[in-house]
Amino acid sequence: MSEIEPLQIVVIEGTTRVQRLSIHAARLVEEIGRGLPGIEITFVEPGDFDLPGDGNDPEGKDPRYTAITEKADGFFVVSPEYNHSFPGSLKRLLDSELENYIHKPVAFAGVSNGGWGGVRAIEALVNTVREMGLTATFTDVHFPRVQDIFDKDGKLLDEKYRARVERTYTELIWMAKTFKWGRENLPR
Ligand SMILES: Cc1cc2nc3c(=O)[nH]c(=O)nc-3n(C[C@H](O)[C@H](O)[C@H](O)COP(=O)(O)O)c2cc1C
């Protein structure tokens, strides 16, 4: 593995809801990632892609998302909790690929307007991503009562969340480096 080649980390915002607040958390994760050495961030959201049908057959993919996942070394998914799970648009996006996820790490941030910080969305995501060949980090980030953490323009009001995101990035990047080396150097 080349030491100078930056790791490719894909930050995914998990909903297309017009009045979504989780976008503030996702933009914070993006901003922090862009400030870290040795990684490149691609920001994506389900609404960016043309995925009218279900599945991961050729006609069920968007080539732009295929290209992003192909070069990805890791993912950081920021998801609100909807009805004790994660949004259908995020499931549709994730479902559209498979091989490009295998033996890559994923970190999660959960977002809610109540006190749980999207914990049940993350629990549901962990089950789903394992079937896709992704490996979840040990640490998550939770944004409970998101309306109190960011102002209406998305400005972070509570700096402790920055350290929590950085801690999860530290683990994600370690896993991304390790898995990249493994994919490139060990038989699978
Ligand atoms: C369809 C729907 C279902 C929701 N279900 C839950 C839930 O099960 N648990 C929870 O803590 N918050 C739930 N919420 C509230 C979200 O936590 C809240 O909207 C928060 O701002 C994060 O989502 P957002 O990015 O859509 O704003 C739900 C919101 C919507 C729109």
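Residues numbered from 1 in each chain as written. Predicted model: local features only at pLDDT ≥ 70, side-chain atom pairs only at ≥ 80, totals over all residues. Heavy atoms only, no water.

Peer 1: Hey, could you run me through helix H4 (residues 119-131) in this one?
Peer 2: Three- or four-residue spacings in an α-helix give side chains the same orientation, since the helix completes a turn every 3.6 residues. Its 13 residues give H4 an end-to-end C-alpha distance of 19 Å, which sits within 8% of 18 Å, the value for a rise of 1.5 Å per residue. Looking at H4, one finds that the buried residues are Ala-121, Ile-122, Ala-124, Leu-125, Thr-128 and Val-129. Buried residues in H4, looked at end-on, bunch into an arc of 160°, giving them a common side. Facing away from the buried side of H4 by more than 90 degrees, the exposed set consists of Glu-123, Asn-127, Arg-130 and Glu-131. Packed against the buried residues of H4 are strand S3 (74-80), helix H3 (88-95), strand S4 (104-111), strand S5 (134-136) and strand S6 (141-143). Note on H4: the residue one or two positions beyond its end, Gly-133, has a positive phi of about 90°. (Helix = DSSP H or I, 4+ residues; strand = E, 2+ residues; numbered from the N terminus. Expected span 1.5 Å × (residues − 1). Buried < 20%, exposed > 50% of the residue type's maximum accessible area, 1.4 Å probe, protein only. Arc of directions from axis to C-beta. Contact = heavy atoms within 4.5 Å.)

Peer 1: What's the story with the packing of helix H1 (residues 22-34) against helix H6 (residues 160-185) in this structure? I'm lost.
Peer 2: Packed helices, taken two at a time, are described by their axes: the angle between them and the distance between them. One way to put it is that H1 packs onto H6 with a least axis distance of 10 Å and a crossing angle of 60°. The angle between H1 and H6 falls in the class oblique. Considering how the two elements wind past one another, H1 and H6 form a crossing that is right-handed. Note on element contacts: H6 touches H1 through Arg-162, Val-165, Glu-166 and Tyr-169, opposite Leu-28, Val-29, Glu-30, Glu-31, Ile-32 and Gly-33. For the contact of H1 with H6, the residue count by class is five nonpolar, one polar and four charged. (Axes fitted to C-alpha atoms, helices over the stretch in contact; angles between N-to-C directions. Parallel < 35°, antiparallel > 145°, perpendicular 65-115°, else oblique. Left-handed = near helix turned anticlockwise from the far one by under 90°. Nonpolar A, V, L, I, M, F, W, Y, C, P; charged D, E, K, R; others polar.)

Peer 1: Sorry if this is basic, but what is going on with the side chain of Glu-45 here?
Peer 2: With respect to the element layout, Glu-45 can be found in the loop between strand S2 (39-44) and helix H2 (63-71). With near-sequence residues (within four places) excluded, Glu-45 lies in contact with Glu-13, Thr-15, Arg-20, Ile-23 and Arg-27.

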